[in-house]
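# Reading the structure
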Amino acid sequence: MTQSGWRKPTPELLQAERFAEVGEQLTIPKTRAIVATKKVAAVIGLKSQDLLLLDTFGAVTQPQDWEQGRRPIVWASNHFLMEQTGFSLATLRRHVRRLCEVGVISMKDSPNGKRWGRRDADGVIVEAYGFDLAPMAARTEEFEALNEQLQAERARCASLRNAITITRRIIRAKIEKALEAGLRGPWANLQDMFRELLEGLPARSERAVGLERYLDRIKAFLASVEQSFERAFDWPADTDATHTSKTSNEGKKTTNMKPTSLENETHILTTNEPNSVTGNRFEIKHAASVVPKDRMVEPDERPEDVDLDINWSTHTNKRSSDIDVPTLMASCPHFAEMARGSQGFMRDWNDVHRAAAALRPIVGISEDAWNVANKILGPAVAAASIALILDKSTTGEVKSPGGYLRGLVERAQVGELHLDRSFYGRLSGAGG
């Protein structure tokens, strides 16, 4: 490095000069070099004002300055640079120093310490002293590779955070449902452990390695919660699963061994059906409105209880919510994207039902089949079924959407439809 006595050499400045020598042997377009530097600015230690000064330097150079065998040197005066950036002289010097120490520019000093230069008739620099941008050219490929690593890291972190969020939602839903329904098990302790786990939730700046460790912890905790949830329903096989009690012919009342939670087991949402029936799954509906499997509903026989403008919240006396709108949207991302794209934000089940009705033809579900599903399953479960079928069709899991919906309806008619398992299965990555 040529020293004039005006600047004390440091290892960083010497390294910048070596980068400049390498950059002189390359042909790197100005825009590519500057953009590559900006994309990794925060990682290599540059701030926004440093980049403003870098842009000012770049604007003074010409394309031929970045060709092989030449150096893009800027000999603009301090007055010009201060005018362009709005910096004071002290601020300007501070940012120049940082750019040098980071290794994106170097200084080529004249014998008298002044910046100057001249070009020939073709605009090629003949001689110049000032700020040398050649180190950026030398490090362009390095910065581009670093940016690719950063993008991969960001994508990985986003995926891990999403998995953590979904796992948290499943845990919270199961614990709250168990406590609400009075299931047997260590639910109070599990709730306390969950709170402690949430206190250690990684910060937004956490790297992928830390997020992976936390995801492993929270998935292990989810496994414990699911085991407790399953044990709560592990009762003798001869237990009557449809009644809480019955009276024998001798007049003696026999109490069923079924957990009390099954009286209010998972419901997506209540409907405005006049006589709802208590069951052990949210899909079981009243038998009075069941349409025979061998008859389709005619267009003029549209179920009266399918009202797109119904206020679902007015039926809180019948509602026992476990599969809520956020859970549905999280477990059916393809439906969520298409629903929001066509109908806007899904605020409640009214919006979900309208979106399902709009997307139903795209899925390949006929209007008659949709009417039957609304009549037998109820509006909320019918809409949830369309969401599930749309996602499964998109991923290739369902080849015949209409046949799949008929299967759901038939299972509901005999009380064997457990749609909530499908949603939780998809959330946990097990499918369903």
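Conventions we followed
- Residues numbered from 1 in each chain as written.
- Predicted model: local features only at pLDDT ≥ 70, side-chain atom pairs only at ≥ 80, totals over all residues.
- Heavy atoms only, no water.
- Helix = DSSP H or I, 4+ residues; strand = E, 2+ residues; numbered from the N terminus.
- Buried < 20%, exposed > 50% of the residue type's maximum accessible area, 1.4 Å probe, protein only.
- Areas by Shrake-Rupley, 256 points an atom, 1.4 Å probe, with all protein chains shown as cover.
- Expected span 1.5 Å × (residues − 1).
- Arc of directions from axis to C-beta.
- Phe/Tyr/Trp six-rings, centres within 6.5 Å; stacked < 30°, edge-to-face > 60°.
- Lys NZ or Arg CZ within 6 Å of the ring centre and 35° of its normal.
- Polar contact = N/O pair within 3.5 Å; in protein donor to acceptor, adjacent residues only side chain to side chain.
- Contact = heavy atoms within 4.5 Å.
- Axes fitted to C-alpha atoms, helices over the stretch in contact; angles between N-to-C directions.
- Parallel < 35°, antiparallel > 145°, perpendicular 65-115°, else oblique.
- Left-handed = near helix turned anticlockwise from the far one by under 90°.
- Nonpolar A, V, L, I, M, F, W, Y, C, P; charged D, E, K, R; others polar.
- Salt bridge = Lys/Arg side-chain N within 4 Å of Asp/Glu carboxyl O.
- pLDDT = per-residue confidence, 0-100.
- Pairing = 2+ DSSP bridges.

## Here we look at the overall build of the protein
Check the secondary structure of the protein and you find 16 helices and six strands. The buried share of the protein, reckoned over its 432 residues, is 45%. Roughly 22,300 Å² of accessible area belongs to the protein as shown, and the carbon and sulfur atoms make up 49% of that amount.

## A short note on helix α4 (residues 48-60)
In this model α4 runs 19 Å from its N-terminal to its C-terminal C-alpha over 13 residues, within 8% of the 18 Å that 1.5 Å per residue would give. For α4, every residue scored as buried is listed here: Asp50, Leu51, Leu53, Leu54, Thr56, Phe57 and Gly58.

## Details of helix α8 (residues 187-199)
The end-to-end C-alpha distance of α8 is 18 Å, a good match for the 18 Å that 13 residues give at a rise of 1.5 Å each. Listing the buried residues of α8 in full gives Trp187, Leu190, Phe194 and Leu197. Here the buried residues of α8 occupy an arc of 70° about the axis, which is enough to place them on one side. Turned more than 90 degrees off the buried face of α8, the exposed positions are Asn189, Glu196 and Glu199.

## A short note on the packing of aromatic side chains
Tallied over the full model, the rule gives four aromatic pairs. An angle of 80° between the planes, with centres 6.0 Å apart, marks the rings of Trp187 and Phe229 as edge-to-face. Residue Trp187 is located in helix α8, and its partner Phe229 is located in helix α9 (residues 208-232); the two are separated by 42 residues in the primary sequence. We classify Trp187 as buried; its relative accessible area is 2%. A relative accessible area of 13% places Phe229 in the buried class. For Lys108, the ring lying beneath its charged end belongs to Tyr129, and the centroid distance is 5.5 Å.

## Considerations on the side chain of Thr167
Among the structural elements, Thr167 can be located in helix α7 (residues 134-181). Residue class for Thr167 comes out buried when judged on its relative accessible area of 6%. Only 2.7 Å separates the side chain of Thr167 from the backbone oxygen of Ala163, close enough to count as a polar contact. Those residues within four positions of Thr167 in sequence are excluded, and the remaining contacts are Leu215, Ile218, Lys219 and Leu222.

## What to know about the environment of Val225
By the secondary structure assignment, Val225 is in helix α9. Distance from Val225 to Gln191, taken between C-alpha atoms, is 9.6 Å for residues 34 residues apart in sequence. If near-sequence neighbours (up to four positions away) are discounted, Val225 is found in contact with Ile171, Lys174, Ile175, Trp187 and Leu190.

## Focus on the packing of helix α12 (residues 349-363) against helix α14 (residues 379-394)
The description of two packed helices rests on the angle between their axes and on the distance between the axes. Taken N-terminus to C-terminus, the directions of α12 and α14 make an angle of 45°; their axes are 9 Å apart at the nearest point. The orientation of α12 relative to α14 falls into the category oblique. The element α12 and its partner α14 pack so that their crossing is left-handed. Between α12 and α14, the residues in contact are Trp349, Val352, His353, Ala356, Leu359, Arg360 and Val363 and Pro379, Ala380, Ala383, Ala384, Ile386, Ile389, Leu390 and Ser393, respectively. Class assignment of the residues belonging to the contact of α12 with α14 gives a composition of twelve nonpolar, two polar and one charged.

## Notes on the pattern of salt bridges
Under the defined criterion, the tally for this structure stands at 15 salt bridges. Residue Glu101 pairs with Arg97 through a salt bridge whose shortest N-O separation is 3.2 Å. Taken together, the residues span about one helical turn, with Glu101 and Arg97 both in helix α6 (residues 89-102) at a distance of four residues. A residue is classified by how much of its surface remains accessible, and Glu101, at 38% relative accessible area, is partly exposed.

## Regarding the confidence of the model for the protein
Averaged over all residues, the pLDDT of the protein is 77; the fraction at 70 or higher stands at 76%. Across residues 1-6, where pLDDT falls below 50, the model places eleven contacts with residues more than four positions away in sequence or in other chains. Taken together, the stretch residues 235-321 has pLDDT below 50 and engages in 159 contacts with residues farther than four places along the chain or on a different chain.

## Some details on the packing of helix α11 (residues 333-343) against α12
In contact at an axis separation of 10 Å, α11 and α12 are set at 100° when each is read in the N-to-C sense. The orientation of α11 relative to α12 falls into the category roughly perpendicular. Here Phe335, Met338, Ala339, Ser342 and Gln343 of α11 come into contact with α12, specifically with Val352, Arg354, Ala355, Ala356, Ala358, Leu359 and Ile362. Taken together, the residues that form the contact of α11 with α12 break down as nine nonpolar, two polar and one charged.

## So, the environment of Leu52
Mapped onto the elements, Leu52 comes out in helix α4. We classify Leu52 as partly exposed; its relative accessible area is 36%. Along the backbone, Leu52 and Thr85 are 33 residues apart, and their C-alpha atoms lie at a distance of 6.9 Å. Beyond its immediate chain neighbours, meaning those up to four positions away, Leu52 contacts Thr85 and Phe87.

## Points about the pairing of strand β3 (residues 116-119)
Pairing geometry for β3 and strand β4 (residues 125-132), over four bridges, is antiparallel. Of the residues in β4, the one forming a bridge with Trp116 is Tyr129. Between β3 and β4, which follow one another and run antiparallel, lie five residues, and Gly123 among them has a positive phi close to 85°.

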